[in-house]
Amino acid sequence: MMRDARRWQQVWHSLEHHLDQKQGREDLSQLAACSPWHFHRLFSARFGLSVQAFRQGARLQRAAALLAWRPRHSITRIALDLGYDSSASLSRAFRQGFGISPSQFRRQPQWQRWQGVFQPLHTARSAIMFEPDADILIRDFPLTRVAMLPHRGPSALLGESLQRFIAWRKAHHLPPSRYATYNVCYHHPDDVAPEDYRFDLCVAWDGEVADNPQGVVAGTLPGGRCAVLRHIGPDEQLEGAILHLYRHWLPGSGAQLRDAPLFLQRVCLFPDVPAHEAVTDIFLPIQ
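What counts and what doesn't
Residues numbered from 1 in each chain as written. Predicted model: local features only at pLDDT ≥ 70, side-chain atom pairs only at ≥ 80, totals over all residues. Heavy atoms only, no water. Helix = DSSP H or I, 4+ residues; strand = E, 2+ residues; numbered from the N terminus. Rg over C-alpha atoms; globule rule 2.2 N^0.38 Å. Contact = heavy atoms within 4.5 Å. Areas by Shrake-Rupley, 256 points an atom, 1.4 Å probe, with all protein chains shown as cover. Lys, Arg positive; Asp, Glu negative; His and termini not counted. Charge placed at Lys NZ, Arg CZ, Asp CG, Glu CD. Buried < 20%, exposed > 50% of the residue type's maximum accessible area, 1.4 Å probe, protein only. Pairing = 2+ DSSP bridges. Arc of directions from axis to C-beta. Salt bridge = Lys/Arg side-chain N within 4 Å of Asp/Glu carboxyl O.

Enquirer: Provide a residue-level description of the overall build of the protein chain, including the pertinent values.
Expert: Counting its secondary structure elements, the protein chain contains eleven helices and eight strands. Against the 2.2 N^0.38 benchmark of 19 Å for 287 residues, the protein chain shows a C-alpha radius of gyration of 20 Å, consistent with a compact globule. Long-range contacts, defined as pairs at least 24 residues apart, comprise 71% of the intrachain contacts of the protein chain with a sequence gap of at least 6. Here the protein chain has roughly 14,600 Å² of accessible surface; of this, 50% comes from carbon and sulfur atoms. Placing the 32 positive and 27 negative side-chain charges of the protein chain at their respective mean positions leaves the two points 6 Å apart.

Encoded structure:
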């Protein structure tokens, strides 16, 4: 069972890694160790969508994220980098998915529709078995001053807050390559009413934060001991990694939780890399 799950994980990673090109049924079926004649039906049975639907959804999602969060990337560059024949092909995909052109989406991203358009992709990625990519480490995290954009409200609108946060960072020359990116996770979206959802977007910075239209304020991440688990993969698998800390590591660790929320450090960010290559360190505050 475990070996079978790992094989399908390899298939998924291969598809994520080659969004710019089509892979043959034979190559993918070899990774899954199954007959080419049954591969597509087995994939659909396992993940709830076809290989073609996955490719289309994953390419469109990354294109949408680049349009919204990377304004210096031209539409033509995004299209060609992701394997579309031309910007016209990308435009057709956007009109099918969102009902608007890529340039219209860039000017005014449709965050409410985003969740519905990509829900099959989110569900399929969540079905991938989570396996820890590294040992859980104990670290003393230093008190860290940050510039913070608090998101309050439906998780479906988090992309809008992220867009404003990125704009503020760009204006203050705080690239992720030089200034660490953090998220504070107060709770899971399913555990609270949409209007009560809280999630903080943070960048490590000890400068002054003047009043600004984006809503960024000065804040701190509290210092203290943390159990740290590195997760490599899409955000849809983050909850599985977090539950691994609570369900499997914590009971046998002898550690006690601190009165502080769990937080993340975004080491390698989507959409700069494919979703399966994103790197996130999960910090669980302990005594």
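Enquirer: For the pairing of strand β4 (residues 198-204), give the residues involved together with the corresponding values.
Expert: Counting buried residues along β4, six of its seven residues qualify, which places the element largely inside the surrounding structure. Bridge analysis of strand β2 (residues 144-152) against β4 gives seven bridges, and the strand direction is antiparallel. The residue of β4 that forms the bridge with Arg 152 is Arg 198. When strand β3 (residues 181-185) meets β4, the two strands line up antiparallel, connected through five bridges. Bridged to Tyr 182 within β4 is Cys 202.

Enquirer: Describe unusual backbone geometry, listing the residues and the values that go with them.
Expert: Along the chain, Phe 270 connects to Pro 271 via a cis peptide bond; the corresponding omega equals 15 degrees. Within the secondary structure, Pro 271 sits in the loop between β7 (262-268) and β8 (279-285). Its identity as a non-glycine residue notwithstanding, Ala 33 has a phi of 55 degrees, on the positive side. The residue Ala 33 is located in the loop between α2 (25-32) and α3 (39-47) in this model. Its relative accessible area of 48% is what places Ala 33 among the partly exposed residues. In this structure, His 173 takes a positive phi of about 55 degrees despite not being glycine. Residue placement: His 173 occurs in the loop between α10 (158-171) and β3.

Enquirer: So, helix α9 (residues 119-126): which residues are in play, and what are the values?
Expert: Within the span of α9, buried status applies to Leu 121, His 122, Ala 124 and Arg 125. Projected onto a plane normal to the axis of α9, the buried residues spread over an arc of 165 degrees and lie on a single side.

Enquirer: Describe helix α6 (residues 87-97), naming the residues involved and giving the relevant values.
Expert: Residues Ser 89, Leu 90, Ser 91, Ala 93, Phe 94 and Gly 97 constitute the buried set of α6. In the core, the buried residues of α6 are packed alongside α4 (51-69), α5 (75-81), α7 (102-107) and α8 (111-117). Following α6 by one or two positions, Gly 99 adopts a phi angle in the positive range, close to 80 degrees.

Enquirer: So what's going on with the pattern of salt bridges? Residues and values would help.
Expert: Evaluated as defined, the whole model comprises seven salt bridges. With a closest N to O distance of 3.4 Å, Arg 125 and Glu 236 form a salt bridge. One end of the pair, Arg 125, is in helix α9; the other, Glu 236, is in the loop between β6 (224-232) and α11 (238-253), with 111 residues separating them in the sequence. For the pair shown, Arg 125 and Glu 236 are each scored as buried. Note that Arg 266 is salt-bridged to Asp 235, the shortest N-O span being 2.8 Å. In this pair, Arg 266 is assigned in strand β7 and Asp 235 in the loop between β6 and α11, connecting sequence segments 31 residues apart. The class of Arg 266 is buried, set by a relative accessible area of 15%. Judged by its relative accessible area of 43%, Asp 235 is partly exposed.

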